[in-house]
Every structure is written in structure tokens, then in C-alpha cells.
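# What the coordinates show
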Amino acid sequence: MEDLILELKSEIIKALNLEEISPNDIGDDDPLFGDGLGLDSIDALELIVLMEKNYGIKLTDPSQGRDIFRSVRIMAEYIQANRTK
Amino acid sequence: MISWMGDSIVSPLGFTSEENYQAAKGQRSAVALHSCEGLAEPYHAAIIDKDALARAFEGRCESPKGLTPLEQAAILSIKLAAEGSGICLDSSKTLFVFSSTKGNIELLDAPAGSYEREKLYLWHTAALIARWFGNPNEPIVVSNACVSGACAQIVAMRMIEAGRYETAVVTGADMASRFVVSGFQSLKALAAGQCRPFDVNRSGLNLGEAAATIIYRKHNGSTESSSQISLLAGSIRNDANHISGPSRTAEGAFLALNDILVHAAKEDIAFVCAHGTATPYNDRMETIALRRAGLDGIPTNSLKGCFGHTLGAAGTLESIISVWALREGIALGTCGFEVEDPDCALPVSANNIAANGSYFLKMLSGFGGSNAALLFSKP
Amino acid sequence: MLSIKQYSYISPKHACSLPPKAKIACAEGVDLLNLYRSLGLDYPKFFKMDVLSKLGILAAELLLAGEERGEAEAMEDRSIACFNRSASLDADIAYAKTIQPQDFYPSPSLFVYTLPSIVTGEIAIRHRLRGETSFYVTREWDAEFVVETVRQIFAVGASRSVVAAWLECEEDRFEAFMMLVGDDGDGLKFSTDIANSLITDLRLH
């Protein structure tokens, strides 16, 4: 799980072009949206692409993302339970 | 102020303004389920039958060989708009204005080398169309996202009013290519079925394909000019809020409405033809703009349920349909609308209603935070 | 009378803002990321932008950074008119790479930049400008059309200043020439000849 969390942090940084943020800057339980990383609705959609591309998880309803993308840990738990690749 | 001389629409609902207007008046929708090789999921959209287009083009113009469907549709719409208008398309006093968001972008799917690379450039498409009619001027290309078709009419008005040209041929055209459809799918912006503008159950938009041309001439104060529809004013305003989401307070759309309202008495506005894409955010934003401008008591419609969102063609297409309705004194119903949304408390109706008044307003909004409003009048 | 109050230029060769302002670096051998850093910008959204928007944001920063403006209020009387040759072709090609049939993962964040006018929105957001924003595509730099278009924006009466820019990028080439045009007669005369001679000098550098 810790490996997946770390991997996920660098994947998020890459996918969302968070140029000046390092994996250490993102706490495992920090909220991804809201003030923290300054992410917006397009970033949420880009995370949906990341889930499908890297882990074979298809989220059809963008509102599912709201629950899954609460923190990196919640995302990692969801991926572990649902990944197809 | 400029005078309306002619118009034509090429869409899945017909290849003339008359056919398209009658379809819209009968609440007919061109939206249907399509699938496309190279797309993960099927989608609902209003798609032109390309074989029928090529046949119509051949019948009215010449061989469509070497012309993309977008170019065929644009040329056909100009040809039909100009017929009977008495306008010389090949005159140096005639300006061509072209509005498109993506032009021939579908060519990116074709093998490199199978087409002239310049066809990917919007100025090339515009020049090809103007040259087809023997026009000697460099055409103007406006690419201002989904408000392009309003901006193109505004530019035509300014160029004519500045005395640079006598006449302007304003054409909007866009196709629902794999490029555009996949992009809107990735934004989760497409409706699962037919779009429902202003309806409480709206869930997204449908894309549409069209080319629509309006011909304008200088308003010369003659009785002939005075007996025509006029474009009185237009305004473009930015929300300065977000590149892909509208302002929560409808800042840009409100300012644009405010700018043009100085030219009309509110009580004489027959109807508002909203952008009405049927995305949750857009329709609510427009409601807020209309409320802030004191226009939320005026019959409001959206034509997206009939034609889909035709992107760079939406501004000209929806202006044409609305002009035809203004002439008849009716506000067209909104195809796809059933149940009012408390957040969109506007006089939207599923059916056509009588609408007295000499003016109508056309609203458009787009990515990049741009908003536009146009004011038309009948004599 | 309309006048050019300030102008900025960016190409791979150099970047500058004229007349010179204390805060502005004049750089040689320009890379957009380095230029962002040397301007001391703190605008994380920059990294998400396509090249056209990055170019527009940096040119606008060079052009407007020295202005004294209240922090909060938006300007309703400043408009933006941008022009180029390739529209958003660079961003189009980047997005198209994400929809290849054998590797189909359409990227929403790349797709939103496949409209050239997005850069006008990015500049409007960054500088809180609620005037008119529009984007025109021309075969090449066309000073006469730029000057005429800007004059007509002023003629409407709602704008007291216009940010007018040529913003072109294709593959590894890029060029931004941005002018702040005002109606108070302060600065260089805003004309086709002067716009042409400015860009010619800047290109030769």
C-alpha cells in the first residue's frame, strides 16, 4: 500500500503538471481538492483518465470521483480493491 | 447597424434556411445515436449525411472533389444565401468572414501526406471558400470558441460601419469530428440521450454539424434598408473566471447583455434565444445573467435540442432561425425541455408561442470565459 | 488619439518589454520556463497551459507587470485582441496523440487548450479583465488588420485600453509581440507603420 501511495503521488504530479510540488509535499490523508494543491474540475477529469490508463478502472460518472479523490490514501485503497491492471 | 440581405443553413435538418426553420418550428430534432470507429463509446449528436451533402453540392455547385465536407457545407450555404440577394460575391467591396472552432481538424486522422498540410489552417479554409466565389479580399477568420459566430457578425458590422466594405458574407461552420467528440466525452460534457436545455433533468450537450451563412449590407437609410431585419448591436465580454467553467455570477454574460440593452426598450423584446447548451452550469449561468439584466420575464428558448451545439456555426445558425421566427412573431419552443428547473426560472416553453415585439436577443458563451450578446430588430 | 503605451516581445532569441521597466528582465536565449522563473512569477496554473497560453501569459506579464492597479477590482474597460497563423494547431496535435485508436485515453486538460481563444481567457483571468476578448487567425502578421481591429474596438466606446498581440507558436518556434494600446495619446502613435517597424526591429534584434 505504501508503495502504491508513493507511486500514485508521482503519477498525479506528472498527470496534472504540478511542476513545483514533490511527492513529499502531498500528505497521504491531505484533501486533494480544495485549497491544498489548487486543483480544479479539469484536474478531476484528468484523474479519471489516470485511473483508467494506469489501473484499468473506468469511472463513468464524474461525481464518483468526488468520493474517490478525497485523498491519496483513499484513492490508493480504491485502486487496490478495483484495479484490473 | 447593418441590414440583413440573405441567409442559408446546411444542417442535418435540411440544406436551406426554409427547411431548417420549418424543422425547428415543428420541434424536430436531428439528434441521434452515432458510433464512430476509434471512439470508445457511442454518442448522441446531430450529424450531416455526407453523401447527401456531396450530392446537393454537385447539384448546386460543381464536383465536390478535393473539398472536405466542412468546405462543401460552407460553400453551399453561401451560394444559397447569396441567391436572390443581389449581392456581388466577387466584388472588392464584399468581405468574407469565417467563424469556426476546429475547421478541417478531422484531417489529423488522415495519413500524413494524403492531404495538403495547409488545409489544417483556418485561414486556408477561409481563403479557399472566398476564392471559390472569386472574392479578391483576404477573408477574416474569427476563432473565439463557441461565441465565434456572434463575434463574426460583430466584426462584419464594425467593418461595414467603418466604411471598409459595403457587404459582408458571414459564415459559421463546424463538424463533429472524432477529435471534437472524444474531447467533449473526456470533459464528461455530453448528454446520455437527447439534450434538455433549461430542464431540471438536463445532463449535458449534444454536438451538431452545420454551416450557416448570413449576408449583411450597409444600412443606407433608404426605405429598402428600413424594410429589412437589422443587426443593431453586439457585445463580447470575458468572465475573467475560469477557462472551462462559466462565472457563478454570470459576470461576462451580464455585462454583454447590459452593453446592448441601451439600444432597445426591454418591453419591445419579443424573445431571447439563449445559448442553452443543456449543461448544468451553462443554463444556470444564463439564467443568472438574464435575471441580473432584468430580462427574466421575456420568453427564452434554446435551439440546441434541434440542431445540437454546432460550435462555430451556432452564432449564425441560431441567429438565422431566430430572425425567421421574429418575422413570424413567434418565440420557438425549446425542443427537449419538459420540466422547469427552479434554478433556471425563465419563461421557457416546449411549444411555440406568439411573441410580440420588434427585437430579439441572441446569447452565446464559450470556453475561455467569453460571452456574447447580439440585438436584432425587425422593421 | 490611440497610442502604444508599452509593448513586449518574446522569441527564442530574446524577450523584452519597452519602454524598460525596473522589474522587467531583458533576456537572451529564451526558454519559456526559464522566463517564467526569471520574472519571479508564482502562478502554478502556468505549468498546466499549452505553449500558446504560456506565451500569452508571459508576454502579458512583461507588458503589464509594472502597472499600478488596485488588487481586488476587475477592469471592465480593457479588452484583448489576439492574432496568429496556426490557431491552436500545436495543442491540437498534442491532444490528437491521446486519441490514437491503439492508445485511446483522451486528455481533458489537453483538449481544453485546443481553442486559440483560451489564451485570451488566461490573460483575462490573470489580470482580471472583463472587456472584450477575441482571437483572429491570419495567414501571417498583418499590421493593418491588427490596427483596424483595435481601432474598431475603441470605436465601440466600452474600452479605454486594449491588449493587442500576435501570438504564434508551432513546433519549437514561438513569437509574441504584444502592445498595450491606450486612448489618451500617451506613447508611440498606434499605426500600421509603427507596429510594422517595431516588430521588424524586434525580429532583427
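Cut-offs and rules
Residues numbered from 1 in each chain as written. Chains lettered and ligands numbered in written order. Predicted model: local features only at pLDDT ≥ 70, side-chain atom pairs only at ≥ 80, totals over all residues. Heavy atoms only, no water. Helix = DSSP H or I, 4+ residues; strand = E, 2+ residues; numbered from the N terminus. Buried < 20%, exposed > 50% of the residue type's maximum accessible area, 1.4 Å probe, protein only. Contact = heavy atoms within 4.5 Å. Areas by Shrake-Rupley, 256 points an atom, 1.4 Å probe, with all protein chains shown as cover. Lys, Arg positive; Asp, Glu negative; His and termini not counted. Charge placed at Lys NZ, Arg CZ, Asp CG, Glu CD. 1 Å grid on protein atoms, 1.4 Å probe; cavity = no way out; pocket = protein on both sides within 12 Å on 5 of 7 lines; lining within 4 Å. Points joined across faces, edges and corners; volume = space filled by probe spheres on them. Nonpolar A, V, L, I, M, F, W, Y, C, P; charged D, E, K, R; others polar. Core = buried A, V, L, I, M, F, W, Y, C linked by side-chain atoms within 4.5 Å. Domains from an automatic or database assignment. Arc of directions from axis to C-beta. Polar contact = N/O pair within 3.5 Å; in protein donor to acceptor, adjacent residues only side chain to side chain.

The next thing to look at is the overall build of chain C. Check the secondary structure of chain C and you find 7 helices and 10 strands. Expressed as lengths along the three principal axes of its C-alpha atoms, the size of chain C is roughly 60 × 35 × 35 Å. A total of 205 residues make up chain C; the buried ones form 61% of that total. A separation of at least 24 residues holds for 67% of the contacts in chain C among residues at least 6 apart in sequence. Of the accessible surface of chain C, which amounts to about 7,800 Å², a share of 52% is contributed by carbon and sulfur atoms. The distance from the centre of the 21 positive side-chain charges to the centre of the 30 negative ones in chain C is 3 Å.

A few words on empty space enclosed by the protein. Scanning the entire structure with this criterion turns up 7 cavities of 30 Å³ or more. The computed volume of the largest cavity comes to approximately 100 Å³. Lys102, Leu120 and Leu122 of chain B together with Ala87 and Asp92 of chain C are, among the 15 residues lining the largest cavity, the residues nearest its centre. Of the residues assigned to the lining of the largest cavity, the class counts are 8 nonpolar, 4 polar and 3 charged. Of the voids in this model, the second largest cavity is the one considered here, and its volume is about 80 Å³. A breakdown of the residues in the lining of the second largest cavity according to their chemical character gives 7 nonpolar, 2 polar and 1 charged.

A separate point is the nonpolar core. In this structure, Met75 of chain A, Leu207 of chain B together with Ile10 of chain C are the most contacted members of the largest nonpolar core, which totals 138 residues. When residues of this core are assigned to domains, at least three fall in each of domain 1 (2–218) and domain 2 (229–377) of chain B. Sequence-distant contacts of methionine 75 of chain A, defined by excluding residues within four places in its chain, comprise Leu8, Ile12, Leu32, Leu47, Leu50, Met51, Ile68 and Phe69 of chain A. Core analysis: the second largest hydrophobic core is formed by 86 residues, Met159 and Tyr165 of chain B together with Ala81 and Phe177 of chain C among them.

All names here are of chain B. Ala52, Leu53, Ala56 and Phe57 are the residues of helix H2 (residues 50–60) that are buried. Angularly, the buried residues of H2 cover 135° about the axis, an arc narrow enough to put them on a single face. Exposed residues pointing more than 90 degrees away from the buried face of H2 are listed as Asp51, Arg55 and Gly59. The elements touched by buried residues of H2 are strand S1 (2–10), helix H3 (69–82) and helix H4 (122–132). For H2, the N-terminal cap is aspartate 49; the gap from its side-chain oxygen to the backbone nitrogen of aspartate 51 is 3.0 Å.

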